[in-house]
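Here is how the chains run, residue by residue.
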Amino acid sequence: MLAIAQIISLLIGLYSFCVIAWLVLTMLLSFNVVNRQQRAVMTSMYYLNRLCGPALRVIRRKMPYTGQIDLSPIVLLLLLSFAQDVIITISLGQ
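Now for a description of the structure that goes with this document. It should be emphasised that the depicted structure is a prediction, and the values quoted were computed from it without experimental measurement.

### Observations regarding the overall build of the chain
- For the chain, the helix and strand inventory stands at three helices and zero strands.
- Taken against the 2.2 N^0.38 rule, which gives 12 Å for 94 residues, the C-alpha radius of gyration of the chain at 16 Å runs more than 25% over that of a compact globule.
- For the chain, the C-alpha atoms occupy an extent of roughly 50 × 30 × 20 Å along the three principal directions.
- Considering the chain as a whole, with its 94 residues, one finds that 22% of them fall into the buried category.

Have a look at this one:
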């Protein structure tokens, strides 16, 4: 049981890293720090959108409208951190 919990915790950590990478790349694109014409940038953004987009869309539908500020990545990171803590607590308790 502990090994499965560790694998799930690792996957949640990797997904959290993907959300942070999506957030940083989105900010860099919006402030024109990186060029949209670069193939590596757009390929990275495509795959990060494919990974993070579905979860962020669900959170955006549930959250109230906040204007230009998108709080959904922060909410997603908090939920992932909470899930990771719960999994670790449950696995250590048994």
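Still to come is the rest of the account.
### A few points about the side chain of Ser9
- Along the chain, Ser9 falls in helix 1 (residues 2-30).
- When its relative accessible area of 11% is taken as the criterion, Ser9 is described as buried.
- In this view, Ser9 contacts Gln84 and Ile88; residues no more than four positions away in its chain are not counted.

### Quick word on the environment of Ala3
- Structurally, the position occupied by Ala3 is in helix 1.
- Considered as a pair, Ala3 and Ser91 are 88 residues apart in the sequence and their alpha carbons are 8.9 Å apart.

### A short note on the side chain of Ser16
- By the element assignment, Ser16 lies in helix 1.
- On the accessibility criterion, Ser16 (13% relative accessible area) is buried.
- Once residues lying within four places of it in the same chain are set aside, the contact partners of Ser16 are Leu77 and Leu80.

### Examining the packing of helix 2 (residues 39-62) against helix 3 (residues 72-93)
- Where helix 2 meets helix 3, the closest approach of the two axes is 9 Å, and the angle between their N-to-C directions is 110 degrees. On the basis of the axis angle, helix 2 is roughly perpendicular to helix 3. Taking contact as the criterion, the partners of Ala55, Leu56, Ile59 and Arg60 in helix 2 are, on helix 3, Ser72, Pro73, Val75, Leu76 and Leu79.
- Split into classes, the residues belonging to the contact of helix 2 with helix 3 amount to seven nonpolar, one polar and one charged.

### Digging into the packing of aromatic side chains
- Considering all chains together, one arrives at one aromatic pair under this definition.
- Relative to Tyr47, the ring of Tyr46 has its centre 5.1 Å away and its plane inclined at 75 degrees; by these criteria the two rings are edge-to-face.
- Under the relative-accessibility criterion, Tyr46 is labelled partly exposed at 45%.
- With relative accessibility at 53%, the residue Tyr47 sits in the exposed group.

Thresholds, definitions, all that
- Residues numbered from 1 in each chain as written.
- Predicted model: local features only at pLDDT ≥ 70, side-chain atom pairs only at ≥ 80, totals over all residues.
- Heavy atoms only, no water.
- Helix = DSSP H or I, 4+ residues; strand = E, 2+ residues; numbered from the N terminus.
- Rg over C-alpha atoms; globule rule 2.2 N^0.38 Å.
- Buried < 20%, exposed > 50% of the residue type's maximum accessible area, 1.4 Å probe, protein only.
- Contact = heavy atoms within 4.5 Å.
- Axes fitted to C-alpha atoms, helices over the stretch in contact; angles between N-to-C directions.
- Parallel < 35°, antiparallel > 145°, perpendicular 65-115°, else oblique.
- Nonpolar A, V, L, I, M, F, W, Y, C, P; charged D, E, K, R; others polar.
- Phe/Tyr/Trp six-rings, centres within 6.5 Å; stacked < 30°, edge-to-face > 60°.

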